[in-house]
Amino acid sequence: MSLRVVIYKAKDGLRRGIEAYFYTWHGEKPPETPEGLRPVRREVHEWINFVWWDNPAPGVPGEFFAVLWRGFLYVPETGVYRLYVVTDDGSRVWLDDELVIDAWRDQPPRTYFSKPLSLQRGYHRLKYWFYNRYAFSEAILGWIPPGDLGEPGVIPKEMYRYSLGDRVDFTGLPEEYGVEIIDPVTGSAKKCFSVGAGCSITLPYEEQPFYGRLRILRRTGEILYESRENMELWGGDEVRIVFGELRK
Ligand SMILES: [Ca+2]
């Protein structure tokens, strides 16, 4: 007898759009980062293409507010891109944790370009931190795609994704079984053992998407199964594991 394992996503944590967290601030200097601040509102936006004459969202004043957009940018083709913002007042944009646009000052609508960025096809972590002081505000994120991919312009809606959380749930796991995920690039591994019908592995935004191997093991460390292909995991995924026995 050998173990037959079927693994599939019962729930996909990856969704269309980008998360927007709204903040308020006071004083002379706008907050350099959202760390330590509590958002007053969360929304999911289709894209980043906003002109606000007054308040940007219900319950958020039109002056002295800030927005963190957080999600993933889908790059359809490997190549050299430039990002740009049109911003009033300040903007900072990070792609894969690298600050690519820094336009952090009070200003009427102005356009700022990133340096040329060599990007692989696929998903890239995107964070856009924006503040406004006095009313009228504008925040637009655009790009200049490579070659014949299209015209420079606002990044289209279909390129944005966000994930539903910061953990992956594995279900269908018997009590003494565990799951381990291994990043083939860094070699780092994380695991959890079932307490009932499953277990969860924490996957913070900064570690998404995860591409790697999945192992099923016993508490003793015995490996029962290892995936041949890399799996793509997102926060909010539910991965269901179905066991069967093949008689030979
Ligand atoms: Ca303004």
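Reading guide: rules and limits
Residues numbered from 1 in each chain as written. Predicted model: local features only at pLDDT ≥ 70, side-chain atom pairs only at ≥ 80, totals over all residues. Helix = DSSP H or I, 4+ residues; strand = E, 2+ residues; numbered from the N terminus. Buried ≥ 20, exposed ≤ 12 C-beta atoms within 10 Å, placed from the backbone. Contact = placed C-beta atoms within 7 Å. Domains from an automatic or database assignment. Core = buried A, V, L, I, M, F, W, Y, C linked by C-beta atoms within 7 Å. Pairing = 2+ DSSP bridges.

Within the chain, the regular secondary structure consists of zero helices and 23 strands. Overall, the C-alpha framework of the chain stretches about 75 × 40 × 25 Å when taken along its three principal axes. Residues classed as buried in the chain amount to 29% of the 248 residues present. In the chain, 70% of the contacts between residues at least 6 apart in sequence involve partners at least 24 apart.

Glancing now at the environment of Asp 97. For Asp 97, the location among the structural elements is in the loop between strand S8 (90-95) and strand S9 (98-103). Classification of Asp 97 as exposed rests on a count of 9 C-beta atoms within 10 Å. In the structure, Asp 97 is positioned 114 residues away from Tyr 211 in sequence and 17 Å away in space, judged by C-alpha atoms.

This next bit is on the domain arrangement of the chain. With domains assigned, the chain is organised as domain 1 (15-163) and domain 2 (165-246). Summarising the inter-unit geometry, the C-alpha centres of domain 1 and domain 2 are found 33 Å apart.

Quick look at the environment of Phe 65 now. Tracing the chain through its elements places Phe 65 in strand S6 (residues 65-75). Taking C-alpha positions, Phe 65 is 5.9 Å from Tyr 131, a pair spaced 66 residues apart along the chain.

Let us look at the nonpolar core. In this structure, Leu 83, Val 85, Tyr 128 and Leu 141 are the most contacted members of the largest nonpolar core, which totals 34 residues. Taken together, the elements giving at least two residues each to this core come down to strand S3 (18-24), S6, strand S7 (79-88), S8, S9, strand S12 (122-132), strand S13 (137-144) and strand S15 (160-163). Counting residues per element, this core draws most heavily on S6, at seven residues. Beyond its immediate chain neighbours, meaning those up to four positions away, Leu 83 contacts Val 93, Leu 95, Val 100, Ile 101, Ser 114, Leu 117, Leu 141 and Trp 143.

For the rest of this paragraph, the subject is the pairing of S15. Of the two faces of S15, the one holding Tyr 160 and Tyr 162 and the one holding Arg 161 and Ser 163 are both buried throughout. The pairing of strand S2 (residues 14-16) with S15 spans three bridges and is antiparallel. Within the sheet, the bridge partner assigned to Leu 14 lies in S15 and is Ser 163. Where S6 lies against S15, two bridges are found, and the strand directions are antiparallel.

Of note, Glu 222 is situated in the loop between strand S20 (210-218) and strand S21 (223-226). Given 8 C-beta atoms within a 10 Å radius, Glu 222 is considered exposed. Along the primary structure Glu 222 and Arg 70 are separated by 152 residues, whereas in three dimensions their C-alpha atoms are 39 Å apart.

With an omega of 10 degrees, the peptide bond between Asp 88 and Asp 89 qualifies as cis. Within the chain, Asp 96 stands out as a residue other than glycine whose phi angle is a positive 50 degrees. Following the sequence through the fold, Asp 96 ends up in the loop between S8 and S9. Non-glycine residue Phe 136 carries a positive phi angle of around 75 degrees.

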